[in-house]
Amino acid sequence: MADERSVVELTVNGRPYRVEVSPRWSLADVLRHRLGLTGTHVGCEQGVCGACTVWLDGEPVRSCLLFAVQAAGHEITTVEGITPAEGLSPLQEAFHRHHALQCGYCTPGMLLTAEALLRRNPAPDEATVREALTGNLCRCTGYQFIVDAVLSMRPSGGED
Amino acid sequence: MAQAMRPQMMGARVSRVEDPRLLSGQARYLDDIQVPGMLEIAFVRSPHAAADIIYMDLEAARQYPGVYAVLTYDECPVWLWDKATYEVGQPVLAHGEVQYVGQPVVAIVAEDRYVAEDAAELVRIDYRPRTPVLNMRDALHDQPHRVHAHTPNVFFHQEYQTPGFDEAFRQAPHHLSATFRTNRQTAVTIEPRGTAAMIDPASGRLTVYASTQSPHRMREDISRLLDIPEHLVRVVVPEVGGGFGMKANCYPEDIVVARVAQMLRRPVKWVSDRTESLLSDVHGRDDIHDVEVAFDADGRIIAIRDHLMADGGAYPAYPFSGAVGETSLAARVLTGPYDIPHLATVIDCTYSNKTPLGAYRGVWGPIASFIQEGVVDRVARYLGLDPAEVRRRNLIHDDQFPYRNAAGMIYDRGSYRESFEDALALIGYDEFRRQQAMDRQQGRYRGIGISVFVEPTAMASSEAGSVGYESCTIRIEPSGRVTAALGLGPTGQGHETTMAQLIADELGVNLEDIVILHGDTDSAPYGGGTGGSRSGPIGGGAALVAGRQMRERLIKYAAHLLEAGEEDIELGHGEAWVAGVPERSISIRTIAETAYTNVRRIPEGLPIGLEVTARYLPKRPVSFSNGTHVAEVEVDVRTGIVRVVRYAVVNDCGRLINPTIVEGQIQGGVAQGIGAVLLEALNYDENGQLVTTSLLDYLLPESTDVPQMIIQHRETPSDGEGGIKGMGEGSLIASPAAVANAISDALAPFDAFVDTLPVTPDMVLAMVQRKGA
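Treat the numbers as computed from the prediction; the structure is a model and nothing was measured.

All names here are of chain B. Taken as a whole, chain B is organised into domain 1 (2–27 + 469–616) and domain 2 (412–458 + 621–773). Computed over C-alpha atoms only, the centres of domain 1 and domain 2 are separated by 39 Å. Opposite the 21 residues of domain 1 that make contact, domain 2 presents 20 residues. Of all the secondary structure elements, the ones that give two or more residues to the side of domain 1 that touches domain 2 are helix H14 (495–507) and helix H15 (535–562). If you tally residues by element for the side of domain 1 that touches domain 2, the top one is H15, at seven residues.

Turning our attention to the environment of Glu632 of chain B. All names here are of chain B. Tracing the backbone through its elements, the reader meets Glu632 in strand S28 (residues 623–635). Distance from Glu632 to Tyr647, taken between C-alpha atoms, is 6.2 Å for residues 15 residues apart in sequence. Residues in contact with Glu632, not counting those within four places in the same chain, are Ile427, Phe432, Arg446, Ile448, Val645, Arg646 and Ala742.

This part takes up the environment of Val578 of chain B. All names here are of chain B. Mapped onto the elements of the fold, Val578 is located in strand S25 (residues 575–578). Classification of Val578 by C-beta neighbours within 10 Å gives buried; the count is 20. For the pair Val578 and Asn658, spaced 80 residues apart in sequence, the C-alpha separation works out to 30 Å.

Spatially, three strands are ordered S6-S2-S8 (chain B) in an open sheet, and the strand pairing comes out antiparallel. The outermost strands of the open sheet, each flanked by one partner alone, are strand S6 (97–98) and strand S8 (124–129) of chain B.

Counting buried residues along helix H5 (residues 144–151) of chain A, seven of its eight residues qualify, which places the element largely inside the surrounding structure. Residues of H5 of chain A that are buried in the fold lie against helix H2 (90–97), helix H3 (107–120) and helix H4 (126–132) of chain A together with helix H17 (659–678) and strand S30 (709–714) of chain B.

On to the confidence of the model for chain B, then. Per-residue confidence for chain B gives a mean pLDDT of 96; residues scoring 70 or more make up 98%. For this predicted complex, the interface confidence score (ipTM) comes to 0.98, while the overall pTM stands at 0.97.

Residues and elements named next belong to chain A. Under the domain assignment, chain A is made up of domain 1 (6–82) and domain 2 (90–151). Here the C-alpha centre of domain 2 lies 21 Å away from the C-alpha centre of domain 1. Residue-level contacts link 15 residues of domain 1 with twelve residues of domain 2. Counting residues per element, the side of domain 1 that touches domain 2 draws most heavily on strand S3 (residues 53–56), at three residues. A class-by-class count of the residues in the side of domain 1 that touches domain 2 yields eight nonpolar, six polar and one charged.

Reading the values: rules and limits
Residues numbered from 1 in each chain as written. Chains lettered and ligands numbered in written order. Predicted model: local features only at pLDDT ≥ 70, side-chain atom pairs only at ≥ 80, totals over all residues. Domains from an automatic or database assignment. Contact = placed C-beta atoms within 7 Å. Helix = DSSP H or I, 4+ residues; strand = E, 2+ residues; numbered from the N terminus. Buried ≥ 20, exposed ≤ 12 C-beta atoms within 10 Å, placed from the backbone. Pairing = 2+ DSSP bridges. pLDDT = per-residue confidence, 0-100. Nonpolar A, V, L, I, M, F, W, Y, C, P; charged D, E, K, R; others polar.

Here is the structure:
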């Protein structure tokens, strides 16, 4: 290996990790290839598509644009971390019920963006949901069923 | 108990069985495959559109720590070349010259991708650049020169004309002409392409993990190109993050990866990054059509003449050139749903120094429906008629089915007029027209665009259909649970759900007791794969035929074991029983136990076990879906920004397997159509550099670009198995024309018509200013 390594300590999905990384490795690569958390997907490595979205201390970030060393000391949450031990989370269930995914590749990023929105604003209107999802590209669904799934999470059950 | 005989799953809005693994991050896509000792590849790609390779210095790369091999053409002398069809093939690694920016030249194999890319930067190649061929109209005349010296740039030419065309065209009272153009686009699956390969240590067979739509054809291609007997190659398709036709090809990288696994006897993987994807995934569209139309004073269209041109790029994509599909299919369906008696077409497909052209969802469709619907709107405006009324006057009548169009294609029955009228009602067409007039007085430019479409599906040959049939093996396990395997290559369409729905009805078992296998050539029977809107009608047809054969066998068992007549046996919910006597029943599980372990009780004449393989080849060479899309847009004439505000679809794809899945397909296709009209273009500069190499430059529709859609279904069954027609592409065939026509309608006060896609804001402003000045 041509480059030097350093040791990074970070918390992922509530579990502490101590991992040897190269300073140039992206957080996405470390999550996927060092920690085996392959639910985080890489779609563009240009910070545009949002497939690699994870939470850094509860806020959505692009894990392709962060180096793993930058995540040292922070709490990372991935799709595996918002999935209950048994079954699916209410938002995941809503995606299932509303057919909000097809190929599934953008889905983990969509879930993390949408879940963060709902924690901030439990009753967003449609325009707010669409605005929040603009940073997550989906090529299959045309977004409508994703928007429907997120809206169905409102206390009113989807009605405005 | 008669309800048990009726389909209960077909047509139901079943939630997908695929979803839980995808939602929880457990699905395994290509880049999630990680095997101890796995190496990774980075490609050195051509920075020139056209150049001779003078010299390569690979020493520094070879010596770089962590590098295992550096390959050029010399180490991998393989050509993607269908010599029976084309004069030209592509070496998987450039051989003496490069013909497009992004062409693979050198492959670096290293311990990981970071190291491979470090070493790639150490490769020194001297090129002598040539003048690239970039303009389609010039290329037609071999200007500025031939792309491939030994053969003309026009690699496909075809002419067709209906008898009496010239006279009919000449005698028509009115004529109009226009040139229609679509720019280059590409599929942009959110999961990039990728391939992994390894030698199975036990058997010595080559296993290739491929992100492809057509597993059996990929196996054939690898077997033939690398000269490995087919039974020693296994192709496994993991979860695929979108395909849209782009993953129907065999690519240079696929072959290099397989070759490296063979050479080094190490597992190896390559995954495209986004810049590579935009450079090297097959491009789509890129059509120019010079069109003339002849019509009468009532707006009835008599004849269309079209010179169809498409830029195939530097090499024919393997094993088919998208340019030939774009043009030859467009020529056959150019009259769409209209009864237009005369057609004359001339096709020219040309080479250029651009990325090879392949398939993108709806191949041929966006340009053909853009023309077909654009022509109708031009005729309407010329004659001062309402565009909807001109459509009524030209649409095929119900009593004309089966209808032979001017190019000789046979349309099976559809709901052409009904879906059209329903769609107008859904959007509130008449009310819109009243409102539109008032809006214009206030300086608001809203427009409505209608697109009545036909979608040829389940074609005997299509981009993925290496064969015209599909196969299904159904095995009822000794436990009574069902395993069914098909040769399909789903990329998000939900075949594990829809195929199980069809089989559940036939066998009378519960959906959760069925598992659908696909994408592994070791378990799936030989099939064509997914593409060309064939999986529902042909794959589904195979599932139905295999299901029916298994059902007959279960009935024989039940009749024998229950001592009843076969005609009295009913199946449902995992049981078989005597009609009217539900207590005389036997479970499928008991039947399966008998078939495998209690073989002395097997009815005479039946084989041991419960396994059938059926193949389904539709009787018709094609089945036509149809429908109508209506888009409403608002154009800001000060900024040139177009917003799609309302959208209505009436879709008829025969009998529905799962309406929710069909709606998802439609919504996704409409979003792609909005992208095609407003956003997406691969742009080359004057040196042949692709300047749209990130998703900041190549813009995809976002959630705020796509409106809520209203969707209605009509069901005119095909006469194929299950009455199913295909529907994967119709939404992207229809939507570009609907949105483009809506913009033209909004800009009618400026005498403008959209003739080039995409329509960017500066183009809108130019249309507005042309008249305003």
